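The residues making up each chain are set out below.
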Amino acid sequence: MTSASGPTSGWRSALPGGGLLPGPAGRTTVPGDGHGPETGPPTVTVGSYPDYPSAQRVVDHLADNRFPVEHTAIVGTNLTLVETVLGRMDTGRAALIGAGTGAWFGLFIGLLFGIFTVGNWLGVIVVGLVVGAIWGAIFGAVAHAMTGGQRDFTSASSLRAGQYAVIVDANLADQARQLIGRLDLSAAEPKPKSR
């Protein structure tokens, strides 16, 4: 049985039973109490668009018409992670990519040392570039070889939203809707070519 003495013995939870809650100091957080995320004023969605440029055009239109756009947000919903495969990766390509990265770093170091060199500063820059490229190629090849063929491709990841909602503070929603009603979004869409 635990004793009631100690540094936390005087504190009891507000929940029935008086048990301790997990978390910092065993407290629950209430929005707006300084211990959780601020909720801000209530917001209203004034438009939903299939792509980001359309939502951006709406907010730009609001800004052009003196609407207080600091009370506006573009929210992407239905997020999808897309990893686009760029190509096959082998040890040679890893070494080549590493050489390029190392050459940039070597050039930077060479420039730093070249600034303070009294003699042949161009030679210092070239040596930094070459040494950086060699070390980069070695590290790139070794790093790829250590993966053991688990990832033999290069890729780029991006987040894409299914749609973009423009939201504004609730007290400004009517004004925003009136301004958006005057905007012709179809004029911004490219017209199909006729044959």
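Scroll up to find the structure.
Here we summarise the structure given alongside this text. Everything quoted here is computed from the prediction, not taken from an experiment.

### Some thoughts on the overall build of the protein
- Secondary structure summary: the protein contains four helices and five strands in total.
- Element order for the protein, N to C, with α for helix and β for strand: β-α-β-β-α-α-β-β-α.
- At a minimum sequence separation of 6, the contacts of the protein that also span at least 24 residues come to 78%.
- For the protein, the accessible surface area stands at approximately 14,100 Å², while carbon and sulfur atoms represent 62% of it.

### Overview of the packing of helix α2 (residues 91-115) against helix α3 (residues 121-146)
- Interaxial distance between α2 and α3 falls to 5 Å at its minimum, and their mutual angle equals 150 degrees. Classified by the angle their axes make, α2 and α3 are roughly antiparallel. With respect to the hand of their crossing, α2 and α3 are arranged in right-handed fashion.
- When grouped by side-chain class, the residues that make up the contact of α2 with α3 number 14 nonpolar, eleven polar and no charged.

### Concerning the packing of helix α1 (residues 52-64) against helix α4 (residues 173-181)
- Two elements in contact, α1 and α4, have axes separated by 10 Å at closest approach and are oriented at 105 degrees. By the angle class used here, α1 and α4 are roughly perpendicular. Within the contact between the two elements, α1 uses Val58, His61 and Leu62 and α4 uses Ala176, Leu179 and Ile180.
- Split into classes, the residues belonging to the contact of α1 with α4 amount to five nonpolar, one polar and no charged.

### Observations regarding α1
- Here α1 is 13 residues long and its end C-alpha atoms lie 18 Å apart, about the 18 Å a rise of 1.5 Å per residue gives.
- Every buried residue of α1 is listed here: Ser54, Ala55, Val58, Val59, His61 and Leu62. Looking straight down α1, one finds that the buried residues subtend no more than 155 degrees of arc, so they occupy a single side. Those residues of α1 that are exposed and angled more than 90 degrees off the buried face are Pro53 and Asp64.
- Buried residues belonging to α1 abut β1 (43-49), β2 (72-77), β5 (163-169) and α4.
- Of the residues one or two after α1, Arg66 is the one with positive phi, at around 65 degrees.

The rules behind the values
- Residues numbered from 1 in each chain as written.
- Predicted model: local features only at pLDDT ≥ 70, side-chain atom pairs only at ≥ 80, totals over all residues.
- Heavy atoms only, no water.
- Helix = DSSP H or I, 4+ residues; strand = E, 2+ residues; numbered from the N terminus.
- Contact = heavy atoms within 4.5 Å.
- Areas by Shrake-Rupley, 256 points an atom, 1.4 Å probe, with all protein chains shown as cover.
- Axes fitted to C-alpha atoms, helices over the stretch in contact; angles between N-to-C directions.
- Parallel < 35°, antiparallel > 145°, perpendicular 65-115°, else oblique.
- Left-handed = near helix turned anticlockwise from the far one by under 90°.
- Nonpolar A, V, L, I, M, F, W, Y, C, P; charged D, E, K, R; others polar.
- Expected span 1.5 Å × (residues − 1).
- Buried < 20%, exposed > 50% of the residue type's maximum accessible area, 1.4 Å probe, protein only.
- Arc of directions from axis to C-beta.

Any link to function would need more than the numbers given here.
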